[in-house]
Amino acid sequence: MQDNIIPIVYEHPNAAQTSCSTAHTWAKKPREPEAGEKVELIARIKNMLIEQDAVLVAHYYVHPDLQDLAEATGGIVSDSLDMANFGNQHPAKTIAVAGVRFMGETAKILNPEKRVLMPDLDAECSLDLGCPADEFSAFCDAHPERTVVVYANTSAAVKARADWMVTSSIALPVVKHLMAQGKKILWAPDRHLGSYVQEQTGADMLLWQGSCIVHDEYKAQELIELKAKYPLAKVLVHPEAPRAVVKLADVVGSTSQLIKAAQNTDADTFIVATDNGILHKMRILCPHKIFLEAPTAGQGATCTSCSHCPWMAMNGLLNLAEVLERGHNEIHVDPAIIPRAVLPIQRMLDFAREIKLPTRGIGNA
């Protein structure tokens, strides 16, 4: 097998309400440019962004080079919804999205008149892949009495079938709001985040059985052992992690919330249970603090991605430059879907304003 091909196997649990089965896919890692090559490459990308009236938006999980480049060129490093919103508010006519496909689609939904490019259109997400639109629509049809709430990590077609879209930062307030209205909820796709919300709110929730291949691999027993070695460390956990891991957390939250916790928590050492791409931003903001990856190994572990998403790893300087040079890898969303897909997103943003939750930094993974 070639060195730049990463095999990925992930399970769609055989729950009664879905027909998902084991799926197999792969990710292509772009070549790392040499040090001298990198300087020239970055300069060339900067020029092309200016020439093409383009802005680079990057997720916290992509390569540090792309994070640094986004900020150096007037773009943003953030979570997926914030990336899309930034593109909406920025005057640039082209948005280059360094992330995974659903992030590009969300940017296009909120900016249908703009050109949205991605370094690699095959950069996927197990939560998105594990919730096919046709199966999900049938699931919704089977439970018409329920309000459909979907996580941001879904396709445009799935969002178009939903009543609400939520991020991990706003999921609890939205579900509490719906509970107060006597609503029963159909939740998709992440079962761990759904279980966490259900446990915190007591809501009547029917869960689609999806998971993130990175967060699903964190192990509670191994985390306990690591905590014993670093007794003063605080544990930061994304709620896409399994319940046993979440229960060990000092802080549970979205990427943005975990970064803020790292800045504001009075501790010198942190164990972080989310994609290790986030450590770059944490270390920049908190240079005197120590950040450790939460363990994924252990008895019964099937980790092929460890603590970094293999699809996020498909984003690199070389394929970003190639996309800008050739103008390919453009994200397209069916125009007929966009008006329906934007509604659950806008509903969430309107609700965020209503409860005075800042619309910046309310993102998901």
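Residues numbered from 1 in each chain as written. Predicted model: local features only at pLDDT ≥ 70, side-chain atom pairs only at ≥ 80, totals over all residues. Heavy atoms only, no water.

A. Structural context of the packing of aromatic side chains. In the structure shown here, the tally under the stated rule is four aromatic pairs. Both rings, one in Phe139 and one in Trp208, keep their centres 5.3 Å apart while their planes meet at 55°; by these two values the pair is tilted. Taken as a pair, Phe139 in helix α6 (residues 133–141) and Trp208 in the loop between β10 (205–207) and α10 (220–229) lie far apart in primary sequence, 69 residues in all. Here Trp164 and Phe351 contribute two aromatic rings whose centre-to-centre distance is 5.8 Å and whose plane-to-plane angle is 90°, an arrangement assigned as edge-to-face. (Phe/Tyr/Trp six-rings, centres within 6.5 Å; stacked < 30°, edge-to-face > 60°. Helix = DSSP H or I, 4+ residues; strand = E, 2+ residues; numbered from the N terminus.)

B. Spotlight on the pairing of strand β11 (residues 234–237). Pairing of β11 with strand β13 (residues 269–273) involves four bridges; the strand directions are parallel. In the sheet register, Val235 faces β13, and the bridge partner there is Ile271. (Pairing = 2+ DSSP bridges.)

C. Layout of the pattern of salt bridges. In the structure shown here, the tally under the stated rule is 14 salt bridges. Note that Glu40 and Arg44 form a salt bridge whose closest N and O atoms lie 3.0 Å from each other. Note that Glu40 and Arg44 are positioned in helix α1 (residues 35–51) at a spacing of four residues, about one turn of the helix. Among the residues examined, Glu40 registers a relative accessible area of 42% and is labelled partly exposed. For Arg101, the salt bridge goes to Glu105, with nearest N and O atoms at 3.7 Å. (Salt bridge = Lys/Arg side-chain N within 4 Å of Asp/Glu carboxyl O. Buried < 20%, exposed > 50% of the residue type's maximum accessible area, 1.4 Å probe, protein only.)

D. Inspection of the pairing of strand β14 (residues 290–293) at higher detail. In this structure, β13 lies alongside β14, joined through four bridges in parallel fashion. Paired with Phe270 across the bridge in β14 is Phe291. On the question of chirality, the crossover connecting β13 to the parallel β14 by way of helix α13 (residues 279–285) is right-handed. (Right-handed = clockwise from strand over helix to strand, strands pointing away.)

E. Main features of helix α15 (residues 338–354). End to end, α15 covers 24 Å across 17 residues, agreeing with the expected 24 Å (1.5 Å per residue, within 8%). All of the buried residues along α15 are Ile338, Ala341, Pro344, Ile345, Met348, Leu349, Phe351 and Ala352. Directly beyond the C-terminal end of α15, a positive phi value near 60° is found at Lys356. (Expected span 1.5 Å × (residues − 1).)

F. Quick look at the side chain of His215. Its place among the elements puts His215 in the loop between β10 and α10. Classification of His215 as buried rests on a relative accessible area of 1%. Not counting residues within four places of it along the chain, the set of residues in contact with His215 comprises Tyr61, His238, Glu240, Ala241, Pro242, Ala273, Thr274 and Asp275. (Contact = heavy atoms within 4.5 Å.)

G. Molecular detail of the environment of Arg115. Within the secondary structure, Arg115 sits in strand β6 (residues 115–117). Sequence separation of Arg115 and Ile95 is 20 residues, and the distance between their C-alpha atoms is 6.3 Å. A polar atom in the side chain of Arg115 sits 2.8 Å from the side chain of Gln52. (Polar contact = N/O pair within 3.5 Å; in protein donor to acceptor, adjacent residues only side chain to side chain.)

H. Structural context of the sheet that holds strand β12 (residues 251–252). On the basis of which strands lie adjacent, the open sheet formed by four strands has the order β12-β11-β13-β14 and parallel pairing. At either end of the open sheet lies a strand with only one pairing partner, and these are β12 and β14.

I. View of the sheet that holds β6. Judged by pairing direction, the sheet is parallel, and its four strands sit side by side in the order β4-β3-β5-β6 without closing on themselves. Strand pairing shows two members of the sheet lacking a second neighbour, β4 (76–78) and β6, which therefore form its edges. On average, each strand axis in the sheet is tilted by 25° relative to the strand beside it, whichever way the strands run. The pairing of strand β5 (residues 94–98) with β6 spans three bridges and is parallel. Within β6, the position partnered with Thr94 by the bridge is Arg115. (Axes fitted to C-alpha atoms, helices over the stretch in contact; angles between N-to-C directions.)

J. Seen up close, the environment of Gln198. Note that Gln198 resides in helix α9 (residues 191–201). Separated by 13 residues in the primary sequence, Gln198 and Ile185 place their C-alpha atoms 9.8 Å from one another. The contacts of Gln198, once residues within four sequence positions are left out, are Ala203, Met205 and Leu207.

K. Spotlight on the state of the cysteines. Taken as a whole and judged by the stated rule, the model has zero disulfides. Between Cys125, a free cysteine, and Cys212, which holds the nearest cysteine sulfur, the sulfur-to-sulfur gap is 6.4 Å. For Cys125, a relative accessible area of 10% gives the class buried. (Disulfide = S-S within 2.5 Å.)

L. The packing of α1 against helix α14 (residues 317–326), seen in detail. The interhelical angle for the contact between α1 and α14, taken along N-to-C directions, is 35°, at an axis separation of 10 Å. Note that α1 runs across α14; the crossing there is left-handed. Along the contact surface, α1 presents Glu37, Lys38, Leu41, Ile42, Arg44, Ile45, Met48 and Leu49, while α14 presents Leu317, Leu318, Leu320, Ala321, Leu324 and Glu325. (Left-handed = near helix turned anticlockwise from the far one by under 90°.)

M. Up close: the environment of Leu178. Take Leu178: it is sitting in helix α8 (residues 171–180). Residue Leu178 is classed as buried on the basis of its relative accessible area, which comes to 2%. Measuring from C-alpha to C-alpha, the distance between Leu178 and Ala203 comes to 8.7 Å, with 25 residues separating the pair along the chain. Not counting residues within four places of it along the chain, the set of residues in contact with Leu178 comprises Thr147, Val149, Trp164, Lys183 and Ile185.

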